[in-house]
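# An overview of the molecular structure
Listed here are the chains, written in short residue letters.
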Amino acid sequence: MSVIVVVWSLVTRCGRTTNNYRFFIWGCRNVSAIYGWKYIVTGKRHIQTDDPIIAVVNHQSGLDLLCIAELWGNKPFSNTLIAKHTLSYYGIFGAASYLCNTLSIHRNNLNKAVAQMKSMKEEIICKKLKVFVFPEGRRNRSENLLPFKKGVFHLAVDAQVSIVPIVISSLKPLYHKEEQRLDSGFITMTCLPPVSTRGLSKNDIPELMESVRSSMIKTFNNTSKKRNV
């Protein structure tokens with residue numbers, strides 16, 4: 001998929017654009033079909049909007065990208081991801097990530113991170129982007145969500161855009177790295193109602209984070225239990 005993105009960009013001279021994500025979606029959907037993964041999606045209307053949003057998603061595995069591709073559908077042209085800046089150094093994958101207009105952030109450099117956040121704010125508003133991010137900051141295979149990083153909530157409040165919590169049910173019934181097991185089956189994805197940040201300030205961020213995380217934990221537990229029955 002990365003090779004296709006890079007070659008297409010060079011041939012067409014289309015440059016850096018979220019349009020290139022269509023190759024990512026095509027590839028991920030084919031991988032899902034090979035794995036025999038099927039998706040039950042509820043609340044998808046919450047991300048089918050013309051307004052900019054920030055979607056926060058729980059992060060269990062790199063295979064979460066297959067789930068996001070399913071959510072994006074066939075017209076992902078205003079969708080993008082926020083990823084750690086080190087991904088840009090991952091050879092052809094890093095080049096493709098850049099050409100898809102993936103937003104990157106220096107997590108270990110506060111000054112650069114602040115400057116990048118300001119730039120992201122303007123881009124999100126001007127281009128009406130739907131930005132997907134993993135607020136836990138790293139992969140988490142436990143039965144609970146890790147504490148959230150504050151950065152994305154600062155961004156949402158600063159840009160005054162709504163937050164849409166998205167919960168992917170536990171992948172353990174289908175995928176277990178230690179057991180080297182990969183099975184076919186169903187995955188439930190729940191798009192919860194948007195959480196408005198209108199009128200909120202930095203002082204409201206801790207309560208906002210806890211509210212969003214609590215709703216996601218409750219949904220994760222409920223949907224994962226149903227899938228395990």
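Residues numbered from 1 in each chain as written. Predicted model: local features only at pLDDT ≥ 70, side-chain atom pairs only at ≥ 80, totals over all residues. Heavy atoms only, no water.

### Some remarks on the packing of aromatic side chains
- Going through the model one piece at a time under the given rule, you end up with 7 aromatic pairs.
- Judged by centre distance (5.7 Å) and plane angle (70 degrees), the ring pair of Tyr 21 and Phe 24 falls under edge-to-face. Of this pair, Tyr 21 and Phe 24 both sit in helix H2 (residues 21-35), 3 residues apart, which is roughly one turn of that helix.
- For Phe 24, a relative accessible area of 13% translates into the label buried.
- Seen from their ring centres, Tyr 21 and Trp 72 are 5.0 Å apart, and the 80 degrees between their planes marks the pair as edge-to-face. Of this pair, Tyr 21 sits in helix H2 while Trp 72 sits in helix H3 (residues 64-72), placing them 51 residues apart in sequence. Note on accessibility: Tyr 21 and Trp 72 belong to one class, buried.
- Three or more aromatic residues link up through ring pairs in this structure, and these residues are Tyr 21, Phe 24, Trp 72 and Phe 132. (Phe/Tyr/Trp six-rings, centres within 6.5 Å; stacked < 30°, edge-to-face > 60°. Helix = DSSP H or I, 4+ residues; strand = E, 2+ residues; numbered from the N terminus. Buried < 20%, exposed > 50% of the residue type's maximum accessible area, 1.4 Å probe, protein only.)

### Some thoughts on the environment of Phe 134
- Structurally, the position occupied by Phe 134 is in the loop between strand S5 (130-133) and helix H6 (151-159).
- Relative accessible area serves as the criterion here: at 18%, Phe 134 is assigned to the buried category.
- For the pair Phe 134 and Val 152, spaced 18 residues apart in sequence, the C-alpha to C-alpha distance is 9.0 Å.
- Excluding residues that lie within four positions of it along the chain, Phe 134 makes contacts with Val 57, Asn 58, His 59, Asp 64 and Ile 68. (Contact = heavy atoms within 4.5 Å.)

### Topic: a positive patch on the surface
- Together, Lys 84, Arg 107, Arg 138, Arg 139, Arg 141, Lys 149 and Lys 177 give the surface a local cluster of positive charge.
- Along the chain, Arg 138 turns up in the loop between S5 and H6. (Patch = residues over 30% accessible without salt bridge, like charges linked within 9 Å, V, L, I, M, F, W, Y side chains within 5 Å. Areas by Shrake-Rupley, 256 points an atom, 1.4 Å probe, with all protein chains shown as cover. Salt bridge = Lys/Arg side-chain N within 4 Å of Asp/Glu carboxyl O. Lys, Arg positive; Asp, Glu negative; His and termini not counted. Charge placed at Lys NZ, Arg CZ, Asp CG, Glu CD.)

### What to know about the sheet that holds S5
- On the basis of which strands lie adjacent, the open sheet formed by 7 strands has the order S1-S9-S6-S2-S5-S3-S4 and mixed pairing. Of all the strands in the sheet, just strand S1 (37-42) and strand S4 (103-105) have a single pairing partner and so form its edges. Recorded for the sheet is a direction-independent mean angle of 25 degrees between the axes of neighbouring strands.
- Note that strand S2 (residues 53-57) and strand S6 (residues 162-168) share 5 bridges and pair parallel. Within the sheet, the bridge partner assigned to Ile 53 lies in S6 and is Ser 162.
- Of the strands in this sheet, S2, strand S3 (79-84), S5 and S6 touch H6, which is tilted by about 160 degrees from S2. (Pairing = 2+ DSSP bridges. Axes fitted to C-alpha atoms, helices over the stretch in contact; angles between N-to-C directions.)

### Regarding the pattern of salt bridges
- Scanning the entire structure with this criterion turns up 6 salt bridges.
- Between Lys 127 and Glu 123 there is a salt bridge, and its shortest N-O distance comes to 3.1 Å. On the criterion of helical spacing, the pair formed by Lys 127 and Glu 123 is a turn pair, its members being 4 residues apart in helix H5 (residues 110-127).
- Take Glu 123: its relative accessible area is 17%, and that puts it in the buried class.

### What to know about the pairing of strand S9 (residues 185-191)
- In terms of burial, S9 is largely enclosed, as 6 of its 7 residues are buried.
- Pairing of S1 with S9 involves 6 bridges; the strand directions are parallel. Bridging from a neighbouring strand, Tyr 39 pairs with Ile 187 of S9.
- Here S6 runs beside S9; their pairing, made up of 3 bridges, is antiparallel. For Ile 166, the partnering residue across the bridge sits in S9 and is Cys 191.

Keep in mind these values describe shape, not function.
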